[in-house]
Amino acid sequence: MKLIATIIINLFVVAVFAQSASVKIGYTNAEYIAMSHPDYKIIMKQLQEHKGRLDMMLQEKYQQYQAMEQEYNQMRANPAQDQFMVKDKEQQLMNKQNEIQQFQQGAEEQMMNKQQDLMVPLQNKIQAAIETTAKANGYTHIFNGDSMLWMMNAETFNITEDVLKQLGVAIPQTNGCLLYTSPSPRD
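Residues numbered from 1 in each chain as written. Predicted model: local features only at pLDDT ≥ 70, side-chain atom pairs only at ≥ 80, totals over all residues. Heavy atoms only, no water.

1. Details of the overall build of the chain
Point 1. Across its full length, the chain carries five helices and four strands.
Point 2. The N-to-C order of helical and strand elements in the chain reads α-β-α-α-α-β-α-β-β.
Point 3. Looking at the chain as a whole, 27% of its 187 residues qualify as buried.
Point 4. Pairs at least 24 apart in sequence give 82% of the contacts found in the chain among residues at least 6 apart.
Point 5. Roughly 13400 Å² of accessible area belongs to the chain as shown, and the carbon and sulfur atoms make up 56% of that amount. (Helix = DSSP H or I, 4+ residues; strand = E, 2+ residues; numbered from the N terminus. Buried < 20%, exposed > 50% of the residue type's maximum accessible area, 1.4 Å probe, protein only. Contact = heavy atoms within 4.5 Å. Areas by Shrake-Rupley, 256 points an atom, 1.4 Å probe, with all protein chains shown as cover.)

Printed below as a string of structure tokens:
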């Protein structure tokens, strides 16, 4: 019985080592790749323009509120003013304040949706390039470099430049230095 158990354990260990020999792990930095892609600048410009339009609309609402508030304060200061009209103006002021709050919440949600709508095609391009690069180089697993805590000989597993080449994006450099450096091992 011990012999059978030993054989099974040995076969299990051999199977694990055989399986791990076929695993090739690499990593990349998808955020860096996205920021290096020409489409990213276009997306950021579109988002800024959209935010600018929303900010202008919000500013108009604030100006309307301030005008209403000034009118309300004048009505309250006038002792001959009908109190029913003062209360009505007060209610209008509160409604405008609620409208502004709802607009702000809607604008934030709209900006998040707009960003996602614009970024998804770029993310899909990057994902396809990562998959193509991984397959071409025999990688079985690719991780985002930001999530890596530590990897021995990390730079040899970095496929970021290969993915940029796959996308047709020039590797960004400043003063002859590569802008992206792989995560350093952490203790």
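2. So, the pattern of salt bridges
Should the charged atoms of two oppositely charged side chains come close, the side chains can pair.
Point 1. Overall, the coordinates contain six salt bridges when judged by the stated rule.
Point 2. Measuring nitrogen to oxygen at the nearest pair gives 3.4 Å for the salt bridge that ties Glu99 to Lys96. One end of the pair is Glu99 and the other is Lys96, both in helix 4 (residues 83-137) and three residues apart, which spans about a single turn.
Point 3. On the accessibility criterion, Lys96 (11% relative accessible area) is buried. (Salt bridge = Lys/Arg side-chain N within 4 Å of Asp/Glu carboxyl O.)

3. Topic: the packing of helix 3 (residues 38-77) against helix 4
Point 1. Helix 4 packs onto helix 3 with a crossing angle of 175° between their chain directions and a minimal axis gap of 9 Å. The angle between the axes of helix 3 and helix 4 places the two elements in the roughly antiparallel class.
Point 2. Tallied by class, residues from the contact of helix 3 with helix 4 come to 21 nonpolar, eight polar and twelve charged. (Axes fitted to C-alpha atoms, helices over the stretch in contact; angles between N-to-C directions. Parallel < 35°, antiparallel > 145°, perpendicular 65-115°, else oblique. Nonpolar A, V, L, I, M, F, W, Y, C, P; charged D, E, K, R; others polar.)

4. Observations concerning the nonpolar core
Point 1. By size, the foremost hydrophobic cluster in this structure holds 30 residues, and its most contacted members are Ile33, Ile43, Leu122, Ile126, Val163 and Leu167.
Point 2. At the level of secondary structure, the elements contributing two or more residues to this core comprise helix 2 (30-36), helix 3, helix 4 and helix 5 (160-167).
Point 3. By residue number, the principal contributor to this core is helix 4, which donates 13 residues.
Point 4. In this view, Val163 contacts Thr28, Ile33, Ile126, Ala129, Ile130 and Thr133; residues no more than four positions away in its chain are not counted. (Core = buried A, V, L, I, M, F, W, Y, C linked by side-chain atoms within 4.5 Å.)

5. Remarks on the packing of aromatic side chains
Point 1. Tallying each qualifying case throughout the model produces zero aromatic pairs.
Point 2. Lying over the aromatic face of Tyr139, Lys24 brings its terminal NZ or CZ to 4.5 Å of the ring centre. (Phe/Tyr/Trp six-rings, centres within 6.5 Å; stacked < 30°, edge-to-face > 60°. Lys NZ or Arg CZ within 6 Å of the ring centre and 35° of its normal.)

6. A short note on helix 3
Point 1. An ideal rise of 1.5 Å per residue puts 58 Å on 40 residues; helix 3 measures up with 59 Å between its terminal C-alpha atoms.
Point 2. Those residues of helix 3 not exposed but buried are Ile43, Leu47, His50, Leu54, Leu58, Lys61, Tyr65, Met68, Tyr72 and Met75.
Point 3. Residues of helix 3 that are buried sit in contact with helix 4. (Expected span 1.5 Å × (residues − 1).)

7. Overview of the side chain of Thr133
Point 1. Mapped onto the fold, Thr133 is located in helix 4.
Point 2. Those residues in contact with Thr133, other than ones at most four positions away along the chain, are Ile159, Asp162, Val163 and Gln166.

Just geometry here; none of it tells us what the structure is for.
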